[in-house]
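Commentary on secondary and tertiary structure
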Amino acid sequence: MYPSAGQRTALAGAFGCARVVYNDALRARETARSEGLPFPKAGDLSKQLITKAKQTPQRAWLGEVSAVVLQQSLRDLDTAYKKFFDGLKGKRPRMGAPQYKSRKDTRQAVRFTANARWSITPGRKLRLPKIGDLKVKWSRTLPSTPSTVTVIKDSAGRYFASFVVETGPTEVLPKATPEVGIDLGLGHFAVLSNGTKIDSPRFLRRAEKRLKKAQRALSRKEKGSKNRDKARQKVARAHARVADARREFHHQLSTRLIRENQAVAVEDLAVKGLARTRLAKSVHDAGWSAFVTMLEYKAARYGRTFIRIGRFEPTSQVCSACGAKDGPKPLHVRVWSCGACGAVLDRDINAAVNVAKAAGLAVSARGAQVRPGLVPAPRSEAGTHPKPQPSTAR
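What comes next concerns the included structure. These numbers were taken from a predicted model, which means no experiment stands behind them.

1. Here's the deal with the environment of Leu279
- Looking at where Leu279 falls in the secondary structure, it is placed in the loop between helix 7 (271-274) and helix 8 (280-286).
- Through-space distance from the C-alpha of Leu279 to that of Leu186 is 9.1 Å; in sequence the pair is 93 residues apart.
- Other than its neighbours up to four places away in sequence, Leu279 contacts Leu186 and Leu274.

If you want it as structure tokens, here you go:
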């Protein structure tokens with residue numbers, strides 16, 4: 001979105017009011033907890049922190065924004081508490097308790113539901129209550145009437161509108177025959193069980209020179225000055241370009257794999273553990289988790305099968321041709337020979353084939369073999385004469 005100067009001021013007011021209501025509600029609940037009082041309900045907080053607060057001189061400016069934005073801020077706090085308590089009960093991964101929001105946060109967001117009576121004008125602008133008609137550059141056509149819109153301002157100072165729409169089963173793709181296993185790595189971003197290798201773009205590595213220059217300029221600016229804020233936005237824009245390019249690469253590759261294959265299998269990687277090693281920057285630059293997440297939800301959307309195998313499967317130790325386990329190998333070994341059948345195997349393609357086999361997919365192991373190896377003859381067929389015989393040639 002491209003709001004005008006006045007609309008940016010109105011959006012800043014909406015961001016600030018939503019943040020204040022969120023912090024007031026969090027403070028009320030933390031105070032009740034420390035004093036041993038019952039947990040305040042959302043309805044009581046709405047009456048106290050929104051309806052009655054607007055009538056006080058200290059919070060009269062809450063009436064300058066849509067009340068729906070403030071109500072959604074309370075709902076966000078309820079969601080944060082629910083996730084926190086569900087984590088304590090073991091229903092989901094554990095996460096920290098809700099924290100206070102700061103006005104210095106570089107990312108801000110507000111949400112408008114249908115009750116706010118927002119709309120899309122005939123001129124394809126987004127009309128928001130008490131903000132106006134905002135110019136929008138549409139990335140796609142909305143498949144149905146949206147029920148909710150979230151306005152987001154990111155660290156680079158860009159504005160986005162995210163819509164909640166309902167989709168039907170019309171997106172299911174026709175059935176495809178191929179099934180593929182994927183081995184994710186750093187030398188190649190992805191290696192497929194059919195022998196295809198996809199190079200790693202290394203977006204962060206390629207942009208490091210530009211990022212260093214912007215960060216050095218930021219470090220020279222005086223703290224609290226306008227020039228420092230401009231330099232901070234320049235750094236944020238540089239990082240945003242890297243993140244956008246990586247996300248676009250993930251989207252294009254994941255969509256292609258889902259469209260071309262009926263089933264996709266990947267290995268559950270320990271990204272957090274790898275991010276604590278000397279390869280941390282390269283691991284984060286690859287963005288495996290985001291890519292696997294895209295594969296998972298696109299498979300569900302388009303009627304494909306997505307399988308995630310355990311991270312402890314010895315995919316790099318097992319020969320995909322005969323199934324013999326040859327033991328762990330150092331990372332610099334990219335090609336190895338099976339001691340049982342003699343096949344010369346590419347490490348990455350062999351791992352991708354084993355990923356597919358562990359997931360129960362019907363794949364061929366031909367792509368894993370670099371060249372046919374010499375197969376040793378069985379001992380019973382190694383020869384019939386234990387001793388050399390005299391030659392009969394004359």
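2. Observations regarding unusual backbone geometry
- Non-glycine residue Arg124 carries a positive phi angle of around 65°.
- By the secondary structure assignment, Arg124 is in the loop between strand 2 (119-120) and strand 3 (126-128).
- Look at Arg124 and you get partly exposed, because its relative accessible area is 39%.
- Positioned with a positive phi, Lys130 is a non-glycine residue whose angle comes to about 60°.
- Looking at the element boundaries, Lys130 is found in the loop between strand 3 and strand 4 (132-134).
- Exposure remark for Lys130: the relative accessible area of 54% places this residue in the exposed category.

3. Re empty space enclosed by the protein
- In this structure the tally under the stated criterion is one cavity of 30 Å³ or more.
- Of the pockets and cavities examined, the largest cavity occupies roughly 40 Å³.
- Phe189, Ser200, Pro201, Arg202, Phe203, Arg246, Phe249, His250, Asp285 and Ala286 are the residues that line the largest cavity.
- Every element with two or more residues in the lining of the largest cavity is listed here: helix 6 (226-260) and helix 8.
- With three residues, helix 6 is the single largest residue contributor to the lining of the largest cavity.
- Residue composition of the lining of the largest cavity, grouped by class: five nonpolar, two polar and three charged.

4. Topic: the sheet that holds strand 10 (residues 263-267)
- If you walk across this open sheet you meet the five strands as 9-8-7-10-11, and the pairing is mixed. This sheet does not close on itself; its edge strands, each paired only once, are strand 9 (197-199) and strand 11 (305-309). In this sheet, neighbouring strand axes are inclined to one another by 20° on average, regardless of whether the strands run parallel or antiparallel.
- Here strand 7 (residues 179-184) pairs with strand 8 (residues 188-192) via three bridges, running antiparallel. Bridge pairing in strand 8 places Asp183 opposite Val191.
- Sitting on the sheet, helix 9 (residues 288-302) touches strand 7, strand 8, strand 10 and strand 11, and the angle it makes with strand 11 is about 140°.

5. Here's the deal with the environment of Ile307
- Note that Ile307 resides in strand 11.
- The sequence separation of Ile307 and Ala236 amounts to 71 residues, and the corresponding C-alpha distance is 36 Å.
- Excluding its chain neighbours within four sequence positions, the residues that come into contact with Ile307 are Val264, Ala265, Val266, Ala359 and Leu361.

6. Brief notes about a nonpolar patch on the surface
- Residues Phe39, Phe85 and Leu88 make up a contiguous nonpolar surface patch of about 280 Å² in total accessible area.
- By the element assignment, Leu88 lies in helix 3 (residues 67-88).

7. With respect to a positive patch on the surface
- Together, Lys209, Arg210, Lys213, Lys234, Arg237 and Arg241 make up a region of like positive charge exposed at the surface.
- Elements with a minimum of two residues in the positive patch: helix 5 (208-219) and helix 6.
- One can find Arg241 in helix 6.

8. Examining the pattern of salt bridges
- On inspection of all chains with the given rule, the structure shows 19 salt bridges.
- Note that Arg27 and Asp24 form a salt bridge whose closest N and O atoms lie 3.0 Å from each other. Taken together, the residues Arg27 and Asp24, both in helix 1 (residues 5-34) and three residues apart, mark about one turn of the helix.
- For Arg27, a relative accessible area of 41% gives the class partly exposed.
- As a salt-bridge pair, Asp229 and Arg232 come within 3.6 Å of each other at their nearest N and O atoms. Highlighted residues: Asp229 and Arg232, both in helix 6, separated by three residues, approximately one helical turn.
- Connected via shared salt-bridge partners are Asp154, Arg158, Asp244 and Arg247.

The rules we used
- Residues numbered from 1 in each chain as written.
- Predicted model: local features only at pLDDT ≥ 70, side-chain atom pairs only at ≥ 80, totals over all residues.
- Heavy atoms only, no water.
- Helix = DSSP H or I, 4+ residues; strand = E, 2+ residues; numbered from the N terminus.
- Contact = heavy atoms within 4.5 Å.
- Buried < 20%, exposed > 50% of the residue type's maximum accessible area, 1.4 Å probe, protein only.
- 1 Å grid on protein atoms, 1.4 Å probe; cavity = no way out; pocket = protein on both sides within 12 Å on 5 of 7 lines; lining within 4 Å.
- Points joined across faces, edges and corners; volume = space filled by probe spheres on them.
- Nonpolar A, V, L, I, M, F, W, Y, C, P; charged D, E, K, R; others polar.
- Pairing = 2+ DSSP bridges.
- Axes fitted to C-alpha atoms, helices over the stretch in contact; angles between N-to-C directions.
- Patch = residues over 30% accessible without salt bridge, like charges linked within 9 Å, V, L, I, M, F, W, Y side chains within 5 Å.
- Areas by Shrake-Rupley, 256 points an atom, 1.4 Å probe, with all protein chains shown as cover.
- Salt bridge = Lys/Arg side-chain N within 4 Å of Asp/Glu carboxyl O.
- Lys, Arg positive; Asp, Glu negative; His and termini not counted.
- Charge placed at Lys NZ, Arg CZ, Asp CG, Glu CD.

The values are spatial; any link to function lies outside them.
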